[in-house]
Amino acid sequence: MSTDITAVPRPLEAGAEMRDLARFHRDITWSGTIQPGGMGPGSPRMTAVGEGRHELIQDGLWIVGNYQQDQFLTDGTFVLRWHLHWVAGWDPTVQEYRATVADNYGHTEILRGWIDGDLLTFESIGTPPVRIRLFWHIADAHTIIWRNEASIDRQPFKLVERYECHPVEP
């Protein structure tokens, strides 16, 4: 009995969508601010510095990012170190970008995304109690402005944090 191997679906190849997405996922360092109440009711205004490193997996179909950020009170007192693992890519079935997140607060989520020129946006899928919306804006060759907004119980989105990011040489 002969087996027809042409009947076996082949893995996908990365296309233009992944080249477009990669523009926003460069190794970076950042600094910026977290708004009062941004980490929950009563949380103080904070400053933060961080870094992110990226790699391609599965022949370029997915971008993996690992991020860490140190947060400080405005007087310089260290508060915490935050970590996030990110996987993003193009989902041809739904014809949009998808990403997953997992952080050291135990938060996991799946987001949908889109690119409009120099702006990448990812947003929570569905209607969880807290929805997030993330933006990467390529301001110039040396600066990406990143911001995070949240909506609690379907209220309007509010700014949580904003950072100026700078690419790091490999």
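Here, the structure is the one placed above.
A brief report on the enclosed structure follows. Just so we're clear, the structure is a prediction, and the values are computed from it rather than from any experiment. (Residues numbered from 1 in each chain as written. Predicted model: local features only at pLDDT ≥ 70, side-chain atom pairs only at ≥ 80, totals over all residues. Heavy atoms only, no water.)

A word on unusual backbone geometry
Okay, so step 1: For Asp59, which is not glycine, the phi torsion reads 60 degrees and is therefore positive.
Okay, so step 2: For Asp59, the position within the fold is in the loop between β2 (46-57) and β3 (62-73).
Okay, so step 3: On the accessibility criterion, Asp59 (79% relative accessible area) is exposed.
Okay, so step 4: Non-glycine residue Gln95 carries a positive phi angle of around 60 degrees.
Okay, so step 5: In this structure, Gln95 sits in the loop between β4 (78-91) and β5 (96-103). (Helix = DSSP H or I, 4+ residues; strand = E, 2+ residues; numbered from the N terminus. Buried < 20%, exposed > 50% of the residue type's maximum accessible area, 1.4 Å probe, protein only.)

Some points on the pattern of salt bridges
Okay, so step 1: For the structure on display, the rule yields 9 salt bridges.
Okay, so step 2: With its nearest N and O atoms 3.2 Å apart, the salt bridge here joins Arg23 to Asp118. With Arg23 in the loop between α1 (16-22) and β1 (28-34) and Asp118 in the loop between β6 (108-116) and β7 (119-124), the pair connects residues that are 95 residues apart, well separated along the chain.
Okay, so step 3: Look at Asp118 and you get partly exposed, because its relative accessible area is 37%.
Okay, so step 4: The partner of Glu149 in a salt bridge is Arg133, and the shortest N-O contact between them spans 2.6 Å. Here Glu149, found in strand β9 (residues 143-152), pairs with Arg133, found in strand β8 (residues 130-140); they are 16 residues apart in sequence, far enough to count as distant.
Okay, so step 5: On the basis of relative accessible area, Glu149 is assigned to the buried category, the value being 12%.
Okay, so step 6: Classification of Arg133 as partly exposed rests on a relative accessible area of 22%.
Okay, so step 7: Overlapping salt bridges, with partners in common, bring together Glu123, Arg131, Arg133, Arg147 and Glu149 in one network. (Salt bridge = Lys/Arg side-chain N within 4 Å of Asp/Glu carboxyl O.)

Focus: the pairing of strand β10 (residues 158-167)
Okay, so step 1: Bridge count for β1 against β10 is 7 bridges, and the pairing is antiparallel. By the bridge assignment, Trp30 is partnered in β10 with Cys165.
Okay, so step 2: Strand direction decides the pairing type here: β9 and β10, joined by 7 bridges, are antiparallel. Bridged to Asn148 within β10 is Glu161.
Okay, so step 3: Between β9 and the antiparallel strand that follows it, β10, lie 5 residues; Asp153 among them carries a positive phi value of about 50 degrees. (Pairing = 2+ DSSP bridges.)

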